[in-house]
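Coordinates in review
The chain contents come next:
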Amino acid sequence: MPLLPPPDPSRRLALYALAVCVLSVAAAVVSFVQGSWLGIVWVLLAGLSSNMTWYYARRGKVRGGSSVSG
């Protein structure tokens, strides 16, 4: 019997979205330090990916909890 449950696709998507969020924040900082206004696009991408991270993390938690109790 495996010790860990099988990986949930929602959890994997949440981790990918978190990675995109972190990288876009770093890109925004670099862009603003260089004096480019293109950093605004990176900030918007960071906000979008942050929302996706919360959505997929919560979705994975809800699905995981319902499958255990059901």
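All of the points below concern the structure found in this document.

Reading guide: rules and limits
Residues numbered from 1 in each chain as written. Predicted model: local features only at pLDDT ≥ 70, side-chain atom pairs only at ≥ 80, totals over all residues. Heavy atoms only, no water. Phe/Tyr/Trp six-rings, centres within 6.5 Å; stacked < 30°, edge-to-face > 60°. Buried < 20%, exposed > 50% of the residue type's maximum accessible area, 1.4 Å probe, protein only. Helix = DSSP H or I, 4+ residues; strand = E, 2+ residues; numbered from the N terminus. Expected span 1.5 Å × (residues − 1).

**Focus on the packing of aromatic side chains**
Summed over all chains, the structure comprises one aromatic pair. An angle of 70 degrees between the planes, with centres 5.1 Å apart, marks the rings of Tyr55 and Tyr56 as edge-to-face. Relative accessible area serves as the criterion here: at 18%, Tyr56 is assigned to the buried category.

**With respect to helix α1 (residues 9-33)**
Across its 25 residues, α1 extends 36 Å between first and last C-alpha, which sits within 8% of the 36 Å expected from 1.5 Å per residue. Those residues of α1 not exposed but buried are Ser10, Ala14, Ala17, Cys21, Ser24, Ala28 and Ser31. One or two steps after α1, the chain reaches Gly35, where phi turns positive at roughly 90 degrees.

**With respect to the environment of Arg11**
Tracing the backbone shows Arg11 in helix α1. Measuring from C-alpha to C-alpha, the distance between Arg11 and Gly60 comes to 5.7 Å, with 49 residues separating the pair along the chain.

**Some remarks on the environment of Lys61**
Structurally, Lys61 is set in helix α2 (residues 39-69). In this structure Lys61 comes out as exposed when scored by relative accessible area, which is 66%. For the pair formed by Lys61 and Asp8, sequence separation is 53 residues and the distance between their alpha carbons is 9.5 Å.

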